[in-house]
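# Survey of secondary and tertiary structure
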Amino acid sequence: MKTVQCSEAKTHFLRMLDEVEGGETIVITRRGVRVARLVPDREADRRERDQVVTDIRNLGRQNGKITADELVAWKHEGHRY
């Protein structure tokens, strides 16, 4: 957990949102007193995971059994290494 002063939060808000999106929790203080906390949106993560599981199940219904190797190949499809 990271702590920042209100003035720093105002100046670097977009960077802080990137950090929170990456899983960091940030506490904002004013004159040393905690006034707010930015936390990742776990509900959005859960909805995204649920949608991925649903999509994979639908693919299985359309294409028959899907192997783990196929899933990994699809994950990396289009990547340049």
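Structure shown above.
This section reports on the structure supplied with the text. Note that the structure is a prediction, hence the values are computed from the model and not measured.

In this section: the side chain of Thr29. Mapped onto the fold, Thr29 is located in strand S2 (residues 26-30). When residues no more than four places from it in sequence are discounted, the contact partners of Thr29 are Thr3, Val4, Gln5, Cys6, Arg34 and Val35.

Counting 7 residues, the largest nonpolar core is built from Val4, Ala9, Met16, Val20, Ile26, Ile28 and Leu38. At the level of elements, helix H2 (13-21) and S2 are the ones that each hand at least two residues to this core.

Let us now look at the pattern of salt bridges. One pass over the full model with this rule turns up 3 salt bridges. One salt bridge connects Glu8 with Arg15, and the closest N-O pair in it is separated by 3.6 Å. Linking Arg15 and Glu19 is a salt bridge whose minimum nitrogen-to-oxygen distance equals 3.6 Å. Taken as a pair, Arg15 and Glu19 lie in helix H2 at a separation of 4 residues, close to a single helical turn.

What you tend to see is this: most non-glycine residues have negative phi, and most peptide bonds are trans. Backbone geometry places Arg31, a non-glycine residue, at a positive phi of 55°. Structurally, Arg31 can be placed in the loop between S2 and strand S3 (33-38). Of the residues examined, Arg31 reaches a relative accessible area of 79% and is grouped as exposed.

Once that is clear, we can look at the sheet that holds S3. Overall, mixed pairing links the 3 strands, which are arranged S1-S2-S3 in an open sheet. Because the sheet does not close on itself, it has two edges, and the strands there are strand S1 (2-5) and S3. With direction set aside, neighbouring strand axes in the sheet form an average angle of 30°. Sheet strands touched by H2: S1, S2 and S3. Its angle to S2, the strand with the most contacts, is close to 145°.

It is worth spelling out the pairing of S2 at this point. Among the 5 residues of S2, 4 are classified as buried, and the element is accordingly described as predominantly covered. Of the pairings in the sheet, the one linking S1 to S2 comprises 4 bridges and is parallel in character. Each residue of the ladder has a partner; that of Lys2, found in S2, is Ile26. As judged from the 5 bridges shared by S2 and S3, these two strands associate in the antiparallel manner. In the sheet register, Val27 faces S3, and the bridge partner there is Arg37. As consecutive antiparallel partners, S2 and S3 are separated by 2 residues, and within that stretch Arg31 has a phi angle of approximately 55°, a positive value.

What counts and how
Residues numbered from 1 in each chain as written. Predicted model: local features only at pLDDT ≥ 70, side-chain atom pairs only at ≥ 80, totals over all residues. Heavy atoms only, no water. Helix = DSSP H or I, 4+ residues; strand = E, 2+ residues; numbered from the N terminus. Contact = heavy atoms within 4.5 Å. Core = buried A, V, L, I, M, F, W, Y, C linked by side-chain atoms within 4.5 Å. Buried < 20%, exposed > 50% of the residue type's maximum accessible area, 1.4 Å probe, protein only. Salt bridge = Lys/Arg side-chain N within 4 Å of Asp/Glu carboxyl O. Pairing = 2+ DSSP bridges. Axes fitted to C-alpha atoms, helices over the stretch in contact; angles between N-to-C directions.

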